[in-house]
Amino acid sequence: MKQIAILGSTGSIGQSSLSILEEYPDRFAIASLAAGRNVDAAFDQCLRWRPRVVSLATAELADTLALRLREAGVTGIEVLHGAAGTVQVATLPEVDFVISAIVGVAGLEATYAAILAGKPVGLANKEAMVAAGEILTAAARERNVPLLPIDSEHNAIHQAMRAGEKREISRIWLTASGGPFRSLPLQDFDHITVEQALKHPTWVMGRRITIDSATMLNKGLEIIEACRLFDLPPSAVKVTVHPQSTVHSLVEYIDGSILAQISVTDMRLPILYALSYPERLPSKLTFDMAALGRLDFSPPDFARFPCLRLAYEAAERGGAHCIALNAADEVAVEAFLERAIPFPGIPRTIEDVLQATPESHPATIQEVLALDAQARDLAREVVAKTPTRSQPALHRR
Ligand SMILES: NC(=O)C1=CN([C@@H]2O[C@H](COP(=O)(O)OP(=O)(O)OC[C@H]3O[C@@H](n4cnc5c(N)ncnc54)[C@H](OP(=O)(O)O)[C@@H]3O)[C@@H](O)[C@H]2O)C=CC1
Ligand SMILES: CC(=O)[C@@H](O)[C@H](O)COP(=O)(O)O
Ligand SMILES: [Mn+2]
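Each chain has its residues counted from 1, following the order in which its sequence is written. Both sets of labels track the order of writing: A upward for chains, 1 upward for ligands. Side-chain atom pairs in this predicted model are given and counted only at pLDDT of 80 or more, local residue features only at pLDDT of at least 70, and totals for whole chains, interfaces and linings cover all residues.

S.K.: For this particular structure, what's the right way to read the overall build of the protein chain?
M.R.: Check the secondary structure of the protein chain and you find 16 helices and 11 strands. The C-alpha radius of gyration of the protein chain comes to 21 Å, within 12% of the 21 Å expected for a compact globule of 397 residues. With the C-alpha coordinates of the protein chain rotated into their principal frame, the extents come out at 60 × 50 × 45 Å. Every one of the 397 residues in the protein chain was classed for burial, and the buried ones make up 49%. Numbering of helices and strands starts at the N terminus; helices are DSSP runs of H or I of at least 4 residues and strands are runs of E of at least 2. Just to be clear, the radius of gyration here is over C-alpha atoms, and the globule rule we use is 2.2 Å times residues to the power 0.38. For every residue, the other C-beta atoms within 10 Å of its own C-beta are counted; 20 or more classify it as buried, 12 or fewer as exposed, and values in between as partly exposed. C-beta atoms are placed from the backbone.

S.K.: How should the site of ligand 1 be read in this particular structure?
M.R.: If you check the shell around ligand 1, you find 30 residues, and the closest are Gly-11, Gly-36, Asn-38, Met-205 and Gly-206. For the shell around ligand 1, the secondary-structure elements that each account for two or more residues are α1 (12-21), α6 (126-143) and α9 (207-215). Among the elements that make up the shell around ligand 1, the one with the highest residue count is α1 (three residues). To decide nearness, the C-beta atom of each residue is placed from the backbone, and the residue is near a molecule or strand if that atom lies within 6 Å of it.

S.K.: Would you mind showing me how to read the pairing of strand β5 (residues 97-100) here?
M.R.: Moving residue by residue along a regular strand, the side chains alternate between the two faces of the sheet. Burial of β5 is two-sided: the residues Phe-97 and Ile-99 facing one way and the residues Val-98 and Ser-100 facing the other way are all buried. Following DSSP output, two strands are said to pair if at least two bridges run between them. Where strand β1 (residues 2-7) and β5 come together, four bridges link them in parallel fashion. Looking across to β5, one finds that Ile-6 is bridged to Ile-99. Pairing geometry for β5 and strand β6 (residues 121-123), over three bridges, is parallel. Among the inter-strand pairings, Ser-100 is bridged to a residue of β6, identified as Leu-123. If the strands point away from the viewer and the path from the first strand over the helix to the second runs clockwise, then the crossover is right-handed. Handedness of the crossover joining β5 and β6 through helix α5 (residues 108-116): right-handed.

This is the structure in structure tokens:
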């Protein structure tokens, strides 16, 4: 029985993970769970899965959960809190596999701790790889710890790479849905509302990644994630817009062959792949090829989606620029969701922060977190100076 820790158990990936684990009761069990602020969902998960340890973001939330468990007559679950609690969830001796699915750089320390503790990691938390990819991959390599991508594109690449040798790969193609504004004229971008941006055309995901898909910074983060996971230069990582999200990504080999991975648009499949690798388990997540309609592919529009250019530039510079790209976006997306800046304010904030970021290549996670904090401070300054115009459609209603 594989004992699983889930970091971010109450989120979209966390819930998909529990949903697929449910199908294999003889293979997987839950050892520990970490979440942020959703006490209700954590309580329900404790009742259903009976982890030995659970952690929430703060002491107050942990106390509330502990009290509710006591009142429900549930014993044997240790309730922890904060960053230290999340690290403990990831590194318990009995844990055999860690699903890293906290959103943002908040997931970095525990992901790193899991690797240091020798735990195989299924990585959904792309921000950890963007901010500290070199450090994480080096630590995993040194300890021979598997780092298995759950992000659908990287999972697809991982699968398609099994057909050949690394030296036989010429480049990879990340598919992008194009988000809800794939065909929106540039002059309308100022008026994009939060509600419109939160309507992803093909996936149901957490709020931050959904907004990132709308600006296409999600694809930008994925370019950097791919460079780090697969040890490729940015020039070998291409993006193709594929609105159906059916081909999850492609690997191009030196002889010109291109291998695609096709499956349902459902994150339970890449999660299952990572959990069971190198085996494959039978699943009900089948795809009806006979009913497949058309598949479209087109080049991305760098003018309407400047986040793509910013990400390629950051990927080339590495270090502090990748950290700043993500940190500025975390702040800007939050500000957009609070209706404090317009949609185009997101790339503008990132660009301003990147321009003010000096070249630097951190060697430790502590240095990464310090650079992340600096970039956030800068981003908050930029956001504070950004006029709150736009979203007129919403305000007029
Ligand atoms: N959703 C998807 O389909 C995909 C997601 N990803 C990546 O996976 C990660 C998770 O995404 P998603 O599930 O959509 O996001 P959600 O917003 O749905 O979930 C985020 C999770 O992180 C938890 N969390 C947030 N802050 C903290 C913290 N400080 N300490 C502990 N837990 C915390 C949340 O807890 P709570 O809710 O209790 O506050 C929640 O469980 C992201 O990095 C995303 O880019 C990658 C590919 C696809
Ligand atoms: C499911 C997944 O992996 C997401 O990262 C998804 O790819 C987002 O869609 P976009 O292609 O619109 O960014
Ligand atoms: Mn993805």
